[in-house]
Amino acid sequence: MSSTDTAHPLAPGWLTLPEDNAALDPKVFTGQYARDDQGCITVDGVSVAELAQKYGSPSYVVSEDTFRSRARGFREAFENAFTPMGLDVEVYYASKALLNTHVARWAQDEGLNVDTASGGELEVALRAGVDPAKIALHGNNKSAAEITRALDTGVGRIVVDSLPEIQLVADLAQKLAVRAPIMLRVTPGVHASTHEFIATAHEDQKFGLSLNPSVEGQDSPALQAIAQCVALREHLDLRGLHCHIGSQIFAAEGFGQAAERVLALRQTVAERWSTVLPELDLGGGHGVAYTSADEPRTARSIAEDLAEHLAGLLKNSELPLPHLSFEPGRFIAGPSGCTVYTVGTVKTVTVSPGVQRRYVSVDGGMSDNARPVLYDADYTAVLANRVSDADPVLSRVVGKHCESGDIVVRDVYLPSDVTAGDLLVVPVTGAYCWALSSNYNWLTRPGMISVDAQGQVKELIRAETVNDLLARDTGASAE
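Residues numbered from 1 in each chain as written. Predicted model: local features only at pLDDT ≥ 70, side-chain atom pairs only at ≥ 80, totals over all residues. Heavy atoms only, no water.

Examining the nonpolar core
Across soluble globular proteins, nonpolar side chains show a tendency to be buried alongside one another.
Logical step 1: Judged by nonpolar contacts, the single largest core of 127 residues is most densely connected at Phe 78, Phe 82, Tyr 93 and Leu 184.
Logical step 2: At eight residues, helix α8 (residues 253-273) tops the list of elements feeding residues into this core.
Logical step 3: Each residue touching Tyr 93, except ones within four places of it in the same chain, is listed here: Phe 67, Leu 98, Val 103, Ala 107, Leu 112, Asn 113, Val 114, Asp 115, Pro 328, Gly 329, Ile 332 and Ala 333. (Core = buried A, V, L, I, M, F, W, Y, C linked by side-chain atoms within 4.5 Å. Buried < 20%, exposed > 50% of the residue type's maximum accessible area, 1.4 Å probe, protein only. Helix = DSSP H or I, 4+ residues; strand = E, 2+ residues; numbered from the N terminus. Contact = heavy atoms within 4.5 Å.)

Observations regarding the pattern of salt bridges
Pairing between side chains of opposite charge can happen when the charged atoms of each approach one another.
Logical step 1: On inspection of all chains with the given rule, the structure shows 23 salt bridges.
Logical step 2: When the shortest N-O distance is used, the salt bridge between Asp 411 and Arg 396 registers 3.9 Å. Separated by 15 residues along the polypeptide, Asp 411 in strand β18 (residues 407-415) and Arg 396 in strand β17 (residues 392-398) bring together distant segments of the chain. Across the pair, exposure class does not vary: Asp 411 and Arg 396 are buried alike. (Salt bridge = Lys/Arg side-chain N within 4 Å of Asp/Glu carboxyl O.)

Some words on the UniProt feature "binding site: substrate" (unreviewed entry) in the protein chain
Logical step 1: Here, UniProt's "binding site: substrate" (unreviewed entry) annotation points to Arg 330, Arg 371, Tyr 375, Glu 403 and Tyr 432. Look at the named residues: they lie 103 residues apart in sequence, and the longest C-alpha span between them is 26.9 Å, so in the fold they stay spread out.
Logical step 2: With respect to the secondary-structure elements, Glu 403 resides in the loop between β17 and β18.
Logical step 3: Not counting residues within four places of it along the chain, the set of residues in contact with Glu 403 comprises Met 366 and Tyr 440.
Logical step 4: Secondary-structure assignment places Tyr 432 in the loop between β19 (423-427) and β20 (448-451).
Logical step 5: Not counting chain neighbours up to four residues away, the residues in contact with Tyr 432 comprise Lys 96, Ala 97, Arg 330 and Arg 371. (UniProt positions renumbered as here; feature names shortened; annotations may be inferred.)

Some thoughts on the side chain of Asn 369
Logical step 1: Inspection of the secondary structure assignment puts Asn 369 in the loop between β15 (355-362) and α11 (371-375).
Logical step 2: A residue is classified by how much of its surface remains accessible, and Asn 369, at 2% relative accessible area, is buried.
Logical step 3: A polar atom in the side chain of Asn 369 sits 3.1 Å from the backbone nitrogen of Arg 371.
Logical step 4: Excluding anything up to four places from it in sequence, Asn 369 contacts Tyr 341, Tyr 379, Thr 429 and Cys 433. (Polar contact = N/O pair within 3.5 Å; in protein donor to acceptor, adjacent residues only side chain to side chain.)

Below, the structure written as structure tokens:
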């Protein structure tokens with residue numbers, strides 16, 4: 001099928017035949033990508049073929065400059081939007097998206113705080129040298145050990161997620177003779193236009209304290225939590241309210257609605273307890289472009305929309321202006337990274353009479369990118385080691401795991417001559433791919449490489465070996 005033919009009957013409506021096999025869609029292949037004189041994809045000037053040869057395949061490749069510029073750009077956009085209103089702003093990098101000591105240092109260098117969601121993430125941030133006062137600890141089921149470690153090291157905030165956790169934090173703070181700095185995570189009841197598994201502001205999910213009463217005539221869990229914190233103020237320093245409506249969200253409305261409901265709660269607290277909560281965290285979750293079908297907003301657009309909405313909400317308030325914070329993760333890390341794969345088996349199957357689909361198998365799959373099987377996430381891919389003039393063919397890029405759902409890219413046009421040994425690049429894998437990686441089928445997890453703006457390559461995380469896995473197997477004898 002040539003690029004002038006009608007689109008394949010199995011292709012989704014948004015997928016169009018490529019005019020040029022060498023072209024890179026700038027929406028998903030952002031500024032770090034190009035092709036060299038041999039037609040090979042480069043990341044900040046370094047050939048992915050060279051990287052694969054030296055570090056193996058599959059490999060995660062991260063553009064340090066892209067990560068830094070997106071972090072810096074997000075912070076500056078929000079400062080520029082809110083500072084003229086007299087509002088102080090901090091940005092926390094949501095490190096669950098992508099975290100290692102190098103990434104934590106990049107975030108700190110660019111003026112971001114670091115949000116962690118477990119004791120392990122907290123330890124990485126501390127090992128990276130992040131100022132504990134600039135670290136937050138999240139989690140819906142924090143252990144006593146995790147909370148104790150956070151209090152011992154002096155983290156800037158613990159985001160409390162439930163009524164029982166309030167008492168737990170207070171008890172541990174009393175034992176340590178400290179006053180725990182906490183934020184209350186509330187559930188604003190906002191519908192986020194995203195996959196059900198990554199929408200976090202509706203009522204029927206595990207996170208946060210609802211703004212709606214559980215029993216008619218009683219206070220909501222959020223108000224009960226505030227009353228509990230006020231009663232335990234000797235041990236708890238209630239800094240403010242936190243909310244997060246979900247992830248990979250493009251529409252602006254949900255963020256404004258959440259801000260409105262959280263500000264209303266802040267007003268109620270001031271009236272009932274004569275307590276002004278100084279801080280509000282409005283979370284993150286802003287979407288990025290994984291395919292040409294996605295329409296992400298810029299950091300500037302996001303910030304200006306929120307600033308305009310908040311200006312209206314705060315205009316008639318007699319309370320002091322709150323200190324605001326935001327938590328981008330995917331928005332920074334996602335477009336910063338890609339995954340390089342090597343093609344293995346290629347086969348064409350007949351789906352129905354006269355309709356075929358080609359399956360292109362690569363040397364990774366759901367163990368290095370679980371998002372397609374978890375969330376039906378879409379990605380794209382390109383032939384990376386050369387440019388081909390062959391006709392584009394509708395293809396499905398799949399992994400090597402023993403699962404039919406092991407899909408890397410559900411629908412993409414690739415040249416008809418793609419064959420074993422070719423390289424594919426899947427962009428926008430910087431967020432949640434390494435973080436969700438596994439050893440399913442005893443595949444070893446890929447390493448992670450960074451390239452900086454000068455083309456200098458650094459191994460951030462070495463690739464695992466089978467011996468690494470066997471080292472934890474108590475029945476395996478050493479060779």
